[in-house]
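Topology and contacts: notes
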Amino acid sequence: LFAFFLITAFLALNQHSRSGIYNYHSQIWADKAGYYMYLPATFKYQFDASQFPDSVDVKTGDGFRIDYERNKVITKYTSGVAIMQLPFYLLADVLAEPFGFKRDGFSQIYHWSIDLAGSFYLALAMFLLWLFLKKRYKPKIVLITLLSLFLATNLYYYATADSGLSHIYSFALFAFTLYFLQNTRFLQNRRFTTYFKFGLLAGLIVLIRPTGILFLTCFLFLDINGIAEVLDRLKRLVNFKAILPMVIGVFVIVLPQLLYWNDIFGSYIAYSYQEEGFNWLNPQIASVFFQPYNGLFLYTPLYLLVVISMIVMIKKRVHNGIYFLALFLAITYVFASWDSWWFGCAFGARSYVEYLAIFSIPLAYVYNRVFNGKKWARQLLVLVLLLFAAYNLKMTYSFDGCFYGSKHWDWPAYKELLFSPTK
């Protein structure tokens, strides 16, 4: 675990070794700055806009806005990512002056702390998934599954190049939740502390990305044997002994956000994205899957194996097959309905990254079938995985932070990206 953390940290720090700060390659830029700004705002400037470094909002890509007239620091992003980055921010703050950096919350050492945070949560997530999956599959299958997640998907990119975005943190929370539910047998012990911890996890997942509520359906539907078991799990939640500690757990997590929204918007509940929203009647599903502009299967073809595995599971009447496919279709509909279905400057369909945690199960299932089958199938799968990994790493190190082509099936721009030299 520690070795994996060190390797990932080296890769992340190396990615940013020549980028410096205050530019679109840096760890505190645009959306990443919007997530991060809660930390210096809370611990250094007490949300007093006049105390912030001059024009730091502009210098960090306008991920947040300093309103000097109202003396407010405004961000549309929630504080969940900052909560998870907190230990690494505090470490950077302690070490800033001894290592010769400004102790202003935005100097180089604070950027490095985000790389360390992303690497830590990736390593932790992989460890938890190892513990979770090894109760279902042999260690060899689990190892292949985790290696392919890391090397052959854009999880690698969001752990090393864009670790300031929310996805690596959500991925870790998803992995933690799966491990937690498995270890508590889906909250079967019904203890106050168990429900409280589940409330903390659920609250943080939804705080970081509200669409994470779709993942939480795993409590009801993962590993069920029939409708009676779904109802039994539902009963574990819908009673006072469960609701009270869960509500307390959620409240502990979201209270800072509610206080912030009330200060900025005058209401404890606010929709900070304002004009942005969903087009529920016009989902861009084909674009989300196949567009040169961040298409899921185009940038992460390993997801093809995931979907194929779901279909095989359904055909073979294997547990969870229907649930996995239903979850995949549900999140696809939601993501495809978002105004910016391409999710901005993203490397592939970044909204799917965290769901690799739960979709590691069907991925391990198909690996298990193939490796217990014919030799030629095993060799073909290994070749495919090596090609997917090579493709992912080539694209990762060629990518310049954004797809600069048109949003309308711009294959020439994609071809240029594919065959361009690495950075």
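Just above, that's the structure.
In what follows, the accompanying structure is described. (Residues numbered from 1 in each chain as written. Predicted model: local features only at pLDDT ≥ 70, side-chain atom pairs only at ≥ 80, totals over all residues. Heavy atoms only, no water.)

A closer look at unusual backbone geometry
With glycine set apart, most residues show a phi of negative sign, and most peptide bonds adopt trans. Using the following cut-off: The buried label goes to any residue with under 20% of its type's maximum accessible area, the exposed label to any with over 50%, and the partly exposed label to all in between, with areas taken from a 1.4 Å probe on protein chains only. Strands are runs of DSSP state E lasting at least two residues, helices are runs of H or I lasting at least four, and both sets are numbered from the N terminus onward.
At Asn-71, a position not held by glycine, the phi torsion is positive, near 55°. Asn-71 gets classed as partly exposed once you look at its relative accessible area, which sits at 30%. For Phe-186, which is not glycine, the phi torsion reads 60° and is therefore positive. In this structure, Phe-186 sits in the loop between helix H9 (167-183) and helix H10 (192-208). Take Phe-186: its relative accessible area is 9%, and that puts it in the buried class.

What to know about the packing of helix H19 (residues 375-398) against helix H20 (residues 411-419)
As a reminder of what qualifies: Structural elements are reduced to axes, namely lines fitted to C-alpha atoms, with helices fitted over the stretch in contact, and the angle between N-to-C directions of any two is expressed from 0 to 180 degrees. Any angle between 65 and 115 degrees counts as roughly perpendicular, while under 35 counts as roughly parallel, over 145 as roughly antiparallel, and the rest as oblique. Two residues form a contact once any of their heavy atoms are found within 4.5 Å. When residues are grouped by polarity, Ala, Val, Leu, Ile, Met, Phe, Trp, Tyr, Cys and Pro land in nonpolar, Asp, Glu, Lys and Arg in charged, and all others, Gly among them, in polar.
Orientation of H19 relative to H20, taken along the N-to-C sense of each, is 100°, at an axis distance of 8 Å. Between H19 and H20, the crossing angle belongs to the class labelled roughly perpendicular. Along the contact surface, H19 presents Tyr-391, Lys-394, Met-395 and Ser-398, while H20 presents Tyr-414, Leu-417, Leu-418 and Phe-419. Residue classes in the contact of H19 with H20 are distributed as six nonpolar, one polar and one charged.

Some details on the layout of surface pockets
The following threshold applies: Grid points spaced at 1 Å and placed over the protein atoms alone form the basis of the search, with a cavity being a set where a 1.4 Å probe fits but cannot get out and a pocket an open set showing protein on both sides within 12 Å along at least five of seven lines. Lining residues have an atom within 4 Å of a point. Grid points are joined across faces, edges and corners, and a volume is the space filled by probe spheres set on the points.
Counted as a void, the largest pocket has a volume near 740 Å³. Lining the largest pocket are 29 residues, with Ile-208, Arg-209, Pro-210, Tyr-273 and Trp-338 positioned closest to its centre. Breaking the lining of the largest pocket down by element, the ones donating at least two residues are helix H2 (31-36), H10, helix H13 (240-265) and helix H17 (321-337). Class assignment for the residues of the lining of the largest pocket results in 17 nonpolar, seven polar and five charged.

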